[in-house]
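# Observations on the three-dimensional arrangement
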Amino acid sequence: MKRTPETVVLLNFGCRDIQKFARLIRDRHIYTMVMPYTVSRERLLEEQPVGLIVCHEGMETQHPAEQAAFKSLNLPFLNVNLENPSVTDTTAERAVDFCLTSCGCRGSWTMENFIQEVIADIRTQVGNEKVVLGLSGGVDSSVVAALLHKAIGDQLVCVFVNHGLLRKNEPEMVQEVFARSFAMNLRYVDASNRFLDKLKGIANPEKKRKIIGKEFIDVFAEAAAEINAPFLGQGTIYPDILESIPLDGNPAGVIKSHHNVGGLPKDLHFKLVEPVERLFKDEVRAVGRLLGLPSELLNRHPFPGPSLGVRHLGAIERSTLKILREADAIVTEELLKSGWYDKTWQTFAIFVPVKTVGMKNHQRTYDYLIAIRSINTVDAVTAQVVRLPWELLDSMTARIINEVQGVNRVVYDTTPKPPGTIEWE
Ligand code: XMP
């Protein structure tokens, strides 16, 4: 389907930095799409591009047959070398100039225009039918909810599953924003006991993840069956799609396999509605802002699907999960108060099922350990430890030890990725 006028296609001849380059051009209101150089002529022309930019690292002479085939389309054509990341900005300027002068682009790619276009698309696709959407409280599914609600109102039914591993006040916040302020049709399913019972005594990280994933699918499928909607809304975003396309046509070059939110299996027989699949994360946030979603929701740190389940090491008990939830809330509160929340990619508490000896009110204690991890990263593939101010770590530590029953020691994780992963499980 041709939706956006003035599409310029970036043909990827093996550039690692191509997402950044595509975003820089989009920031100048020109819609870019990235395609592998192995793309078929038909697929390319489906987008009715007004120009082509061949992106390579180093030698311009790679894959001459494909280059010649693209040239023969007689579209405005530019060659850029993205080998050196330090010149990406100036190269993007040159590309923008090419789009404006040679391709006839006017720079009309704005999020306001996108919202209008996509709302019309959603209405065409869905008609009078219902759409079910799994709302996680994360940025992508929240923005999809707001977009679908604007397009089809009560035909949208959101399902929010409380799996018992959510952060403090999360169920309340999601209900406040979506059910009350947006007046959306929201089904709140409290399945905490079901999840926590299944997880009882399970300490192996992979087993925990599998149980959480499978249970989530079952609970969601049950709720969706009652709604009887032919369509499923999904918060797939553009990097999910780009990273599932191999750089060089070789499937082993895939960065990550295309996953959808909550990892729902295909045999649920839904038709998918993926209204932000063409957007980069920053664009998704901008759409959310225009639709009136609160900034504390749009600027939230990424959060793993299995939630506190992978930050509570070992077997999950209700009592120790409560310890983690309280400690996590204190870490977030102190981060926000100090202004460090927005300066880090992810900062969180981890519950370590190890007891150490301590002192409190002249009494010997023998209690659990909480670790704090704070990292910055560009793509979550590698990550650096953030040097949080000592005063901030001090106040987090003091509050956790004073306010959280059952903790008498706090440690800071100084391990970058690699060798550590971001999450501990
Ligand atoms: P790791 O721990 O692999 O994490 O260094 C990289 C990024 O992915 C997030 N993460 C997940 N996200 N489901 C998700 O949606 C998961 O199961 C999951 N595990 C890790 C992690 O928070 C970090 O941002």
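Remember, predicted model here, so these are calculated numbers, not experimental data.

Right, let's get into the sheet that holds strand β4 (residues 77–81). Taken in spatial order, the four strands of this open sheet run β2-β1-β3-β4, and their pairing is parallel. With one partner strand each, in any of the chains shown, β2 (31–36) and β4 form the two edges of the open sheet. Averaged over all neighbouring strand pairs, the angle between strand axes comes to 25 degrees, with direction disregarded. Strand direction decides the pairing type here: strand β1 (residues 7–13) and β2, joined by six bridges, are parallel. Each bridged residue has a counterpart across the sheet, and for Thr7 the counterpart in β2 is Tyr31.

This next bit is on the site of the ligand. Around the ligand sit Arg209, Pro304, Gly305, Pro306, Trp345, Gln346, Ala380, Lys417, Thr421, Ile422 and Glu423, and those are all the residues in its vicinity. The contact in question runs from an oxygen atom of the ligand to an N or O atom on the side chain of Lys417, over 2.6 Å. At 2.7 Å, a backbone N or O of Ile422 approaches an oxygen atom of the ligand. When the free accessible area of the ligand is taken as 490 Å², the share hidden by the protein chains comes to 67%. Tallied by class, residues from the shell around the ligand come to five nonpolar, three polar and three charged.

Mapped onto the elements of the fold, Arg325 is located in helix α13 (residues 318–338). A sequence separation of 26 residues divides Arg325 from Phe351, and the C-alpha atoms of the two residues are 9.1 Å apart. Here Arg325 is in contact with Gly164, Leu165, Leu166, Arg167, Lys168 and Leu308, once residues within four sequence places are set aside. Here the side chain of Arg325 touches Leu166 through a polar contact of 2.8 Å, landing on its backbone oxygen.

Rules of the game
Residues numbered from 1 in each chain as written. Predicted model: local features only at pLDDT ≥ 70, side-chain atom pairs only at ≥ 80, totals over all residues. Heavy atoms only, no water. Pairing = 2+ DSSP bridges. Helix = DSSP H or I, 4+ residues; strand = E, 2+ residues; numbered from the N terminus. Axes fitted to C-alpha atoms, helices over the stretch in contact; angles between N-to-C directions. Near = heavy atom within 4 Å. Polar contact = N/O pair within 3.5 Å; in protein donor to acceptor, adjacent residues only side chain to side chain. Areas by Shrake-Rupley, 256 points an atom, 1.4 Å probe, with all protein chains shown as cover. Nonpolar A, V, L, I, M, F, W, Y, C, P; charged D, E, K, R; others polar. Contact = heavy atoms within 4.5 Å.

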